[in-house]
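Structural characterization, general
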Amino acid sequence: MSPNQTAQTPSTFSLSPYTGPWTEAEAAHLLRRTMFGPTYQQIQTAVANGMSATLNTLLTIPTLSPPVTWDPDEAVVPQGQTWVNSVYPSNDTQPTENARLRSLASWVIERLNTEQVSIAEKMCLFWQNHFACEAAFDSRATYNYLMLIRQHALGNFKQLVKDMTIDPTMLIFLDGYSNNVYSPNENYSRELLELYSIGKGPQVSTGDYTSYTEGDVAAGAKILTGWYIEGLRSDTVTTPYAVFENTLHDQTTKTLSARLGNAVVNANGAQEYSDYIDIIFSQPDIAKHICKKLYRYFVNFDITPTVMTDIIDDMAQTLVSNNFNVLPVMQQLLSSAHFYDMAVRGSIIRSPLDMFFAMYNATGSVPAYDMATNGEIWLNIYWIAGAAGQDYLAPPNVGGWPAYYQAPSFSRLWVSSSNLKLRFDFAGWQTAWGGFNINGNPFSVDTLNYLANLPQPDDPVAIVEHSCVVFCPKPVSQMDKLVLKTILCNGLPDFEWTIQYNDYVANPGDETYADPVRRQVALMLMRLFKFPQFQTF
Amino acid sequence: MTMKRSDFIRLVSVGSLALPSVMKGMKVQPVAQQLFTTSVNAQDRVLVLIRLNGGNDGLNTLVPLDQYANLTIQRPNLILPQNSLLKITDTLAFHPVMGGMEYLFDTGRVGIVQNVGYPEQNRSHFRSMDIWSTGMLDAGATSGWMGRYFDANWPGFPTAYPNADQPDPFAITMGYEVSSTCQGLMANFSHAITDPFESYNLDPAGIVNDGTYYGSHMEFLATLIDQTNAYGQQIYAAANAGNSLSNLYDPNNELAVQLRYIAQMISGGLKTKVYIVNINGFDTHDAQVLPTDATTGDHATLLKTLSDAIHAFMDDIRLLGLEDRVAGMTFSEFGRQIASNYSHGTDHGDAAPLFLFGNCLHTPVFGANPVVPDQIIDQAGLPMAVDFRDVYASMLKDWFEVDVNQIQSFFEHQVTYYPLMGNCNRGTVNENGNPVVLVYPNPCAEYATIRFDCQSEWVRVELLDLNARLIQVLVDSNLAEGMHNVPVELERLAVGEYIIRVRKDSGELTTKMMRVKAI
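Because the structure is a prediction, the values reported are computed rather than measured.

Broken down by element type, chain B carries eleven helices and 19 strands. Long-range contacts, defined as pairs at least 24 residues apart, comprise 73% of the intrachain contacts of chain B with a sequence gap of at least 6. Per element, the accessible surface of chain B, about 19700 Å² overall, is 53% carbon and sulfur.

With that out of the way, let us pick up the packing of helix H8 (residues 187–196) of chain A against helix H9 (residues 214–223) of chain A. Residue and element names in this part refer to chain A. It is at 8 Å that the axes of H8 and H9 come closest, and there the two elements cross at 130°. It follows that H8 is oblique to H9 by the angle criterion. Crossing of H8 over H9 shows right-handed handedness. The residues of H9 that touch H8, namely those facing Ser-189, Arg-190 and Leu-193, are Glu-214, Asp-216, Val-217, Gly-220 and Ala-221.

Residue and element names in this part refer to chain A. If you trace the backbone, Arg-233 turns up in the loop between strand E1 (227–230) and strand E2 (241–244). Buried Arg-233, no salt bridge; nearest opposite-charge side chain is Glu-97, N-O distance 4.3 Å. Side-chain polar atoms of Arg-233 contact the side chain of Thr-93, separated by 3.0 Å. Contacts of Arg-233, omitting those with residues within four sequence positions, involve Tyr-88, Thr-93, Gln-94, Glu-97, Phe-137, Asp-138 and Arg-140.

Turning to the sheet that holds strand E17 (residues 482–489) of chain B, a few remarks are in order. In sheet architecture, strand pairing relies on hydrogen bonds along the backbone and comes in two forms, parallel and antiparallel. Residue and element names in this part refer to chain B. The strand order E13-E14-E17 describes an open sheet built from three strands, whose pairing is antiparallel. Each edge of the open sheet is held by one strand with a lone partner, namely strand E13 (437–440) and E17. Each strand of the sheet is rotated relative to its neighbour by a mean of 20°, with strand direction disregarded. In the sheet, strand E14 (residues 447–454) pairs with E17 via eight bridges, with the strands oriented antiparallel. Across the sheet, Tyr-447 pairs through a bridge with Glu-489, a residue of E17.

As a further point, take the interface of chain A and chain B. In many analyses, interface size is given as the accessible surface area lost on bringing the parts together. Of the residues lining the interface, 71 residues belong to chain A; the matching set on chain B comes to 56 residues. Counting the surface lost from both chain A and chain B, the interface buries some 5200 Å², and carbon and sulfur atoms represent 55% of this. Summed over the three residues of chain A that lose the most area to chain B, namely A:Ser417, A:Lys421 and A:Pro532, the buried surface amounts to 12% of that side. Put simply, chain A and chain B have 31 residue pairs in polar contact (both at pLDDT 80 or more) between them. Of all the secondary-structure elements, those providing two or more residues to the side of chain A that touches chain B are H8, H9 and helix H16 (417–431) of chain A. Top element by residues in the side of chain A that touches chain B is H16(A). It accounts for seven residues. Per-class residue counts for the side of chain A that touches chain B are 27 nonpolar, 28 polar and 16 charged.

With that settled, consider helix H4 (residues 99–106) of chain B. All names here are of chain B. Across the eight residues of H4, six count as buried, placing the element largely inside the fold. Within the sequence span of H4, burial applies to Gly-100, Met-101, Glu-102, Leu-104, Phe-105 and Asp-106. A positive backbone phi angle near 75° is found at Gly-108, which sits one or two residues after H4.

Moving on, we get to the packing of aromatic side chains. Residues and elements named next belong to chain A. In this structure the tally under the stated criterion is 59 aromatic pairs over all chains. Taking the centre distance of 4.6 Å and the plane angle of 35° together, the rings of Tyr-18 and Tyr-340 count as tilted. Within this pair, whereas Tyr-18 is found in the segment before helix H1 (24–34), its partner Tyr-340 is found in the loop between helix H13 (326–334) and helix H14 (352–361), the two being separated by 322 residues in sequence. We note that Tyr-18, like Tyr-340, is buried. Of note, Arg-33 hangs over the ring of Phe-537, and the distance from its end group to the ring centre comes to 5.5 Å. Lying over the aromatic face of Tyr-88, Arg-100 brings its terminal NZ or CZ to 4.3 Å of the ring centre.

Residue and element names in this part refer to chain A. Along its 13 residues, helix H5 (residues 139–151) runs 18 Å from first to last C-alpha, staying within 8% of the 18 Å computed at 1.5 Å per residue. Extensive coverage of H5 is indicated by the burial of ten of its 13 residues. Those residues of H5 that fall on the buried side of the exposure criterion are Ser-139, Arg-140, Ala-141, Thr-142, Tyr-143, Tyr-145, Leu-146, Leu-148, Ile-149 and Arg-150. Those residues of H5 that are buried are in contact with helix H3 (94–113), helix H4 (120–131), helix H6 (157–165) and helix H7 (168–173).

Moving on, we come to the environment of B:Phe282. Residues and elements named next belong to chain B. Position of Phe-282 relative to the elements: it lies in the loop between strand E8 (274–279) and helix H9 (298–319). A relative accessible area of 0% means that Phe-282 is categorised as buried. Between the alpha carbons of Phe-282 and Glu-219 there is a distance of 37 Å; along the sequence they are 63 residues apart. Apart from residues lying up to four places away in sequence, Phe-282 is in contact with Leu-52, Asn-53, Gly-54, Gly-55, Asn-56, His-299, Leu-302, Leu-303 and Arg-336.

It is worth spelling out the sheet that holds strand E3 (residues 86–87) of chain B at this point. All names here are of chain B. Pairing in this open sheet of three strands is antiparallel, and the strands run E2-E4-E3 from one edge to the other. Taken across any chain shown, the strands that pair with only one partner, and hence form the sheet edges, are strand E2 (62–64) and E3. Here E3 runs beside strand E4 (residues 92–94); their pairing, made up of two bridges, is antiparallel. Within the sheet, the bridge partner assigned to Lys-87 lies in E4 and is Ala-93.

Before going further, it helps to examine the nonpolar core. Core analysis: the largest hydrophobic core is formed by 172 residues, its most contacted members being A:Met123, A:Trp127, A:Met315, A:Met330, A:Phe356, A:Ile381 and A:Phe471. Ignoring any residue separated from it by four or fewer positions in sequence, one finds A:Met330 in contact with A:Leu59, A:Ile119, A:Met123, A:Leu154, A:Leu294 and A:Phe298. Counting residues in hydrophobic clusters, the runner-up holds 97 residues, among them B:Val48, B:Phe313, B:Leu361 and B:Val386.

Here the focus is unusual backbone geometry. The residue after B:Phe157, namely B:Pro158, is reached through a cis peptide bond having omega 10°. By secondary structure assignment, the location of B:Pro158 is in the loop between helix H6 (145–153) and strand E6 (171–174). Following B:Tyr161, the chain continues to B:Pro162 via a peptide bond in cis, the omega torsion being -5°. The topology assignment puts B:Pro162 in the loop between H6 and E6. Here the phi dihedral of A:Arg233 falls at roughly 50°; this positive angle occurs in a residue that is not glycine. On the basis of relative accessible area, A:Arg233 is assigned to the buried category, the value being 17%. A positive phi angle, near 50°, is found at B:Glu401, a position not held by glycine. Within the fold, B:Glu401 resides in the loop between helix H10 (388–398) and helix H11 (404–410).

With that settled, the discussion passes to the pattern of salt bridges. Inspection of the entire model under this criterion finds 41 salt bridges over all chains. Note that A:Glu511 is salt-bridged to A:Arg518, the shortest N-O span being 3.1 Å. The class for A:Glu511 is partly exposed, based on a relative accessible area of 43%. A relative accessible area of 30% places A:Arg518 in the partly exposed class. Between B:Asp283 and B:Arg336 there is a salt bridge, with its nearest N and O atoms 2.9 Å apart. A residue pair is termed long-range when its members are at least 10 positions apart, and B:Asp283 in the loop between E8 and H9 and B:Arg336 in the loop between strand E9 (326–331) and strand E10 (352–358) qualify at 53 residues. Overall, B:Asp283 belongs to the partly exposed group, its relative accessible area being 27%. Judged by relative accessible area, B:Arg336 falls into the buried class, the value being 2%.

All names here are of chain A. Within the secondary structure layout, Ser-257 lies in the loop between strand E3 (254–255) and strand E4 (264–265). Overall, the relative accessible area of 14% leaves Ser-257 in the buried class. Excluding residues that lie within four positions of it along the chain, Ser-257 makes contacts with Thr-213, Asp-216, Asn-262 and Ala-263.

What follows is about the confidence of the model for chain B. All names here are of chain B. With 89% of its residues at a pLDDT of 70 or more, chain B shows a mean pLDDT of 86. Under a pLDDT of 50 for its full length, residues 1–40 has, in the predicted model, 70 contacts with residues more than four places off or in other chains. Counting interchain partners and residues more than four positions distant, the pLDDT-below-50 stretch residues 426–431 has ten contacts.

How each quantity is defined
Each chain has its residues counted from 1, running along the sequence as written. Naming scheme: in the order in which they are written, chains are lettered from A and ligands are numbered from 1. Given that the model is predicted, a residue must reach a pLDDT of at least 70 before its local features are reported, and side-chain atom pairs must reach 80 or more before they are shown or counted; all residues, however, enter totals for whole chains, interfaces and linings. With hydrogens and water set aside, each side-chain value is computed from the structure's full complement of heavy atoms. Helix and strand labels come from DSSP, where a helix needs a run of H or I of at least four residues and a strand needs a run of E of at least two; each type is numbered from the N terminus. Here a residue-residue contact requires only that any non-hydrogen atoms of the pair lie within 4.5 Å. In these tables, accessible area is a Shrake-Rupley quantity obtained with a 1.4 Å probe, and a residue counts as shielded only by the protein chains included in the view. Here an axis means a line fitted to C-alpha atoms, over the contact stretch when the element is a helix, while the angle between two N-to-C directions is reported on a 0 to 180 degree scale. Oblique is the label for every angle not falling under 35 degrees (roughly parallel), over 145 degrees (roughly antiparallel), or within 65 to 115 degrees (roughly perpendicular). Here a crossing is called left-handed whenever its near helix is offset anticlockwise from the far helix by less than a right angle, and right-handed whenever the offset is clockwise. Think of it in three bands: with a 1.4 Å probe and only protein chains considered, a residue is buried below 20% of the maximum accessible area for its type, exposed above 50%, and partly exposed in between. Asp and Glu are treated as the negative residues and Lys and Arg as the positive ones, with His and the ends of the chain left uncounted. Throughout this description, the term salt bridge denotes a Lys or Arg side-chain nitrogen within 4 Å of a carboxyl oxygen of Asp or Glu. By the criterion applied in these results, polar contacts are pairs of N or O atoms within 3.5 Å in which, for protein atoms, one can donate a hydrogen and the other can accept it, and in which residues neighboring in sequence qualify only through two side-chain atoms. Two strands qualify as a pair provided DSSP detects at least 2 bridges between them. Reported buried area values correspond to the accessible surface (1.4 Å probe) lost by two parts on association, with both partners' losses combined. Gly counts as polar in this scheme, as do all residues outside two lists: the nonpolar Ala, Val, Leu, Ile, Met, Phe, Trp, Tyr, Cys and Pro, and the charged Asp, Glu, Lys and Arg. Note on aromatic pairs: the rings of Phe, Tyr and Trp (six-membered ring only in Trp) are paired at centre separations within 6.5 Å, and the planes decide the class, stacked below 30 degrees, edge-to-face beyond 60, tilted for the rest. When the NZ atom of lysine or the CZ atom of arginine is within 6 Å of a ring's centre and also within 35 degrees of its normal, the charge is said to sit over that ring. A helix is expected to span 1.5 Å multiplied by its residue count minus one. We define the nonpolar core as a collection of buried residues of types Ala, Val, Leu, Ile, Met, Phe, Trp, Tyr and Cys that are connected through side-chain atoms lying within 4.5 Å of one another. Each residue carries a pLDDT score, the predictor's own confidence in it, on a scale running from 0 to 100.

Printed below as a string of structure tokens:
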């Protein structure tokens with residue numbers, strides 16, 4: 001582990017099931033790691049249901065409605081209907097594509113903002129970081145790519161890699177569409193090995209990366225030749241699709257290195273990529289790379305030799321013995337003694353999206369205007385998350401976001417000085433300083449809704465206690481709680497809050513009572529959202 | 001036609017009679033301000049690192065003209081037409097969009113190190129960028145090469161920093177991410193900002209580290225908040241005190257805008273030693289050039305952005321009188337393969353040229369041109385000739401004048417030094433210790449004459465303060481062989497001691513000059 005992140009060793013290095021106490025601390029830990037912003041009520045429900053039942057709920061991927069048109073630049077599809085299977089106009093496709101891309105981006109944010117008690121959105125972001133494709137220039141293709149990820153979110157890793165290999169968005173992203181027998185393009189072939197499947201081991205000699213070689217990169221490029229895309233931005237084809245053209249395919253027999261078992265890949269047309277991926281997935285160490293990434297994303301950055309042997313190797317074994325189905329691995333990991341070890345709680349610094357949707361979701365803040373207004377609001381959140389370093393449809397590079405992979409800092413890379421200022425400014429803006437205003441429609445953290453869903457909103461001590469449970473991964477000091485309560489009560493005795501709150505409840509619709517309550521909670525949350533404790537989960 | 005460096009030094013020189021009296025246009029105000037700041041030589045120097053993220057295609061950036069015929073075999077769909085190239089030596093030419101860097105090369109302010117790489121090239125972006133950031137081939141290395149330099153000289157960071165001695169960030173990264181090059185043992189020495197004119201007033205937090213990963217994050221965040229506020233104030237003050245004088249900056253060129261901020265901070269007195277900027281997009285697997293015109297496309301856009309930005313920055317640095325204090329270097333994780341691919345692009349390769357910029361540049365072109373074979377060899381890249389770690393080591397030695405034993409301790413291999421950026425270092429008066437530059441009378445009042453010998457060569461005569469900071473360039477020209485007398489007017493120069501420095505291709509001469517009150 002890195003010297004600047006020194007920490008106590010976890011006491012539990014085992015994937016055997018967790019059998020300790022199941023309190024709101026454990027339930028909240030599980031929900032925060034698998035969702036963006038669990039509410040206080042969701043945490044209590046998880047406590048009541050127990051770990052096993054909660055996990056069953058979390059490990060279900062809900063169905064999803066496709067994005068719909070709300071932007072006036074869409075030229076084909078009526079407002080409120082989906083465009084994901086619709087042609088483009090015959091001329092000047094760009095305004096329609098712009099409208100669709102805006103719709104798609106706002107839909108991505110809508111999904112995060114309206115997530116259910118499910119690991120779905122966290123898994124989808126995991127895979128988006130793993131494959132890291134940028135939006136294609138046909139949003140229908142981008143949508144299909146996102147849905148491919150979602151379809152396999154807890155599904156079969158091997159099948160996901162196969163499908164991804166010939167997915168049009170990926171073919172565009174890493175130049176597979178122009179990889180042909182006349183001039184192989186190595187871009188996808190390299191990342192397939194290095195990033196997407198087996199992962200790159202240490203380089204032991206020129207071109208030899210232990211798990212594969214430069215020769216395999218070149219051979220893989222030949223194996224993957226012959227694919228291109230039909231129907232992009234078409235005015236007749238309703239969805240773009242990949243096509244295999246045998247005359248563009250390299251018909252030679254490809255021999256892989258000893259690192260891949262000296263395997264021979266015979267020319268096999270449109271199935272050759274699948275044969276090749278079968279070979280990659282038959283290597284003994286195939287599962288470790290993805291299991292390390294899952295561990296870093298869901299548990300902790302620090303993969304010590306003990307974590308490697310006692311956790312990652314066991315996860316890898318589970319993945320292989322379940323024929324690469326991810327669900328059993330997640331089930332095992334999230335119910336393990338190691339996952340609930342105190343030493344790994346709060347060990348991840350929130351990404352911008354983690355932070356934003358902890359703020360919105362845990363307070364039940366969802367825009368409820370017409371589709372166009374909601375779309376604009378979500379789109380604005382999308383751009384701000386991008387400015388803060390997490391543009392969902394444009395990861396900074398093919399490896400995803402450095403905070404998920406770059407040693408030694410890992411998640412600390414989300415919070416440089418400039419980024420921290422942006423986050424703090426955003427927290428202030430979305431609580432106490434007004435928030436969005438889209439054509440006269442305001443949106444910010446809904447403090448009154450938050451309050452209404454806490455069990456004792458008339459008690460300032462309870463509000464602070466419950467807020468710390470919702471937003472902070474570990475117990476908060478008495479001093480910091482006092483700071484929050486003092487802000488909430490504006491320095492007055494506790495009973496003054498109770499009077500104020502009861503007046504507000506007794507006078508529904510009267511802004512003279514609602515406004516002070518709203519403001520004081522906003523000020524308290526603003527301070528809480530700038531606590532270091534809130535920056536981790 | 002643009003004048004080339006190669007032509008430049010062969011020109012018939014102008015006579016010394018034509019030299020003007022040079023002091024009248026001098027800007028006294030900024031100079032007077034600078035005289036109050038205390039710093040000497042290397043302690044006051046700034047290094048700007050420009051990361052070309054993605055792996056820059058060296059062969060289409062700096063074309064080896066002696067290999068042109070074979071390049072047409074290797075990359076028929078990428079080759080830049082010969083008549084479009086900007087020729088800078090008999091055998092080298094820049095990409096046609098790099099007029100800015102061509103001008104800087106011709107005036108001795110851009111240099112090239114050929115075929116830079118490392119043994120056993122790793123063609124992964126991530127691994128290779130780690131290698132370039134850490135300056136080590138050891139896969140377990142986590143500290144950056146600049147981070148080790150900072151750790152060795154300012155141990156314990158970030159505890160007790162900033163402080164009275166080091167009030168400013170050691171390094172600044174433009175953007176939202178700190179740079180891996182500055183990763184130290186306990187923390188990253190670089191401070192990320194997007195705009196130096198933003199004021200920082202983040203709510204501080206008092207946090208106890210409970211000894212877990214969480215606790216160390218709490219300590220990290222609390223320290224970051226404190227440093228952000230403290231450094232933010234210094235940066236804000238420097239940006240407001242500083243200046244930017246060049247009109248070459250394009251406000252739509254993001255890199256130029258960032259370099260302009262850097263010029264503003266340096267001129268405002270910020271003591272930050274290293275600035276890091278980044279430009280993405282060099283991973284040109286496809287559409288590197290447009291099929292219709294190889295001089296256009298993604299790579300051309302990137303190179304123009306880079307070249308224009310460096311040109312504007314160097315222009316500004318000169319106008320601000322900072323040109324001997326600022327040097328820069330580009331780096332990229334690898335070059336690209338010799339042969340192009342079918343997508344009008346290039347795949348990951350090996351070595352590539354690296355660019356230096358600064359007034360103290362020692363060698364215009366270091367190293368021989370790469371050799372391009374006449375047949376396509378599958379996946380072949382250019383072999384490395386210069387280890388990038390030796391470039392780093394040489395920059396530490398030349399530019400920051402770091403002790404060689406200390407430099408060696410930063411690297412895992414036996415370091416070799418190259419003469420890259422040492423042209424402004426003092427102590428090169430002449431072989432015998434006898435001054436061959438004379439100022440008379442000395443002490444002087446309103447007028448003085450500077451006398452020196454030279455061969456038929458380019459000569460630059462500079463007036464410096466005692467901290468070796470440039471006040472005025474007195475001569476910058478090709479001169480005939482023999483003795484030259486340069487008259488100068490001093491009436492607007494403050495009373496005090498100064499340094500006269502004569503820089504020539506054949507060697508550098510310095511002497512002191514005492515300015516006294518006129519009687």
